[in-house]
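# Working through the structure, step by step
Residues per chain are reported as follows:
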Amino acid sequence: MSVELTVWREAEPIPRERARIAYRTILAGTPGEPADPGLLALAKAFPEHATTYPDAVLVAMEPEEMDEISNRVFAEARSAGLVCYDPQRDLVHNLAPRGVYPELQLHTGDGMIVADPDLGLVHDVLGTLSAGNPFTALVVFGSHFLQVSPGYELEYKEGLLRRTEVADLDAVRQAFDEYARGERGFLERFTWS
């Protein structure tokens, strides 16, 4: 069974609900060559995997190559100014809003790596913590990171590694949003060891 990503152009960030509808609409359409040069370039970057539609590109891959190919698709889509929807994870990769660190990376325990992720994606990914996705981390390699695991054990490292237990997902999402924006209010709100 193959997995897929769908890529298209949007004028502004869209929620997952709208991405799901767009994905179904694209699949119901007829394949054809897109007029958008960014979509054409993306399709050419993945010739064995891409199916083109007039307004989108569907990239299909086998599960064992998902981590490698999907991470490349995310990067290509971002550089071309395109939205990417991952129907397996029900996640949409928008272009904005983003955090203050251009070198920021989002890592998940199920193999997703996204450079310079949008804050909506970070918010939604945190809701996927489970046995199948045992952590989510925002990392600026060589400087600092913030990581959480199921049960909401939060770890923050900037020189010193600190740990705390957080009560709920909303508090975790707020901490990750602050971290990505370069703010550190979460350090004052929680008791760290």
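These lines cover the structure that appears in this document, whether it is placed above or below. (Residues numbered from 1 in each chain as written. Predicted model: local features only at pLDDT ≥ 70, side-chain atom pairs only at ≥ 80, totals over all residues. Heavy atoms only, no water.)

## Considerations on the side chain of His-49
Put simply, the test is: Secondary structure elements are taken from DSSP: a helix is a run of H or I of four residues or more, a strand is a run of E of two residues or more, and numbering for both begins at the N terminus. Exposure classes here rest on a 1.4 Å probe applied to the protein chains alone. A residue is buried below 20% of its type maximum, exposed above 50%, and partly exposed in between. Pairs of N or O atoms are called polar contacts if they sit within 3.5 Å, as long as, within protein, a hydrogen donor faces a hydrogen acceptor (for residues adjacent in sequence, only side-chain-to-side-chain pairs). Two residues qualify as a contact provided that any one of their heavy atoms is within 4.5 Å of a heavy atom in the partner residue.
Mapped onto the elements of the fold, His-49 is located in the loop between helix H2 (37-45) and strand E2 (50-53). Overall, His-49 belongs to the buried group, its relative accessible area being 15%. A distance of 2.9 Å separates the side chain of His-49 from the backbone oxygen of Ala-60, its partner in a polar contact. With residues near it in sequence (within four places) discarded, His-49 still touches Leu-58, Val-59, Ala-60, Met-61, Glu-65 and Ile-69.

## Overview of the packing of aromatic side chains
Counted only if it meets this: Two rings belonging to Phe, Tyr or Trp (six-membered ring only in the last case) form a pair when the distance between their centres is within 6.5 Å. Interplanar angles under 30 degrees mark stacking, angles over 60 mark edge-to-face geometry, and anything in between is tilted. For a lysine, the NZ atom is tested; for an arginine, the CZ atom; a charge sits over a ring if that atom is within 6 Å of the ring centre and within 35 degrees of the ring normal.
For the structure on display, the rule yields 6 aromatic pairs. Their ring planes at 55° and their centres at 5.6 Å tell us that Tyr-23 and Tyr-85 sit as a pair that is tilted. Taken together, the residues span a long stretch of sequence, with Tyr-23 in helix H1 (residues 16-28) and Tyr-85 in strand E4 (residues 83-86) at a distance of 62 residues. Tyr-85 shares its class with Tyr-23; the two are buried. For the ring pair Tyr-156 and Phe-186, a centre distance of 5.4 Å and an interplane angle of 80° mean the geometry is edge-to-face. Highlighted residues: Tyr-156 in strand E10 (residues 153-158) and Phe-186 in helix H6 (residues 185-189), separated in sequence by 30 residues. Relative accessible area serves as the criterion here: at 0%, Phe-186 is assigned to the buried category. Cluster of aromatic residues (ring-pair linked, three or more members): Tyr-101, Tyr-156, Tyr-179, Phe-186, Phe-190 and Trp-192. Between Arg-189 and the ring centre of Phe-190, over which it is positioned, the NZ or CZ distance is 5.5 Å.

## A look at helix H4 (residues 119-126)
Of all 8 residues in H4, 6 are buried, a share of seventy percent or more. Among all positions of H4, only Leu-119, Leu-121, Val-122, Asp-124, Val-125 and Leu-126 are buried.

## Some points on the sheet that holds strand E1 (residues 3-8)
Using the following cut-off: In this description, strands pair whenever DSSP reports at least two bridges between them. Here, axes are lines fitted to C-alpha atoms. For helices the fit covers the stretch in contact, and angles between N-to-C directions go from 0 to 180 degrees.
Pairing is antiparallel across the open sheet formed by 5 strands, whose spatial order is E2-E3-E1-E4-E5. Because the sheet does not close on itself, it has two edges, and the strands there are E2 and strand E5 (91-93). On average, each strand axis in the sheet is tilted by 20° relative to the strand beside it, whichever way the strands run. Most of the contacts of helix H3 (residues 66-79) go to E1, to which it runs at about 5°, and overall it touches E1, strand E3 (56-61), E4 and E5.

## Details of the pairing of E1
Burial of E1 is extensive: 6 of the 6 residues sit out of reach of the surface. As judged from the 6 bridges shared by E1 and E3, these two strands associate in the antiparallel manner. Looking across to E3, one finds that Thr-6 is bridged to Leu-58. In this sheet, E4 lies alongside E1 in antiparallel orientation, the contact comprising 3 bridges. The partner of Thr-6 across the bridge, within E4, is Tyr-85.

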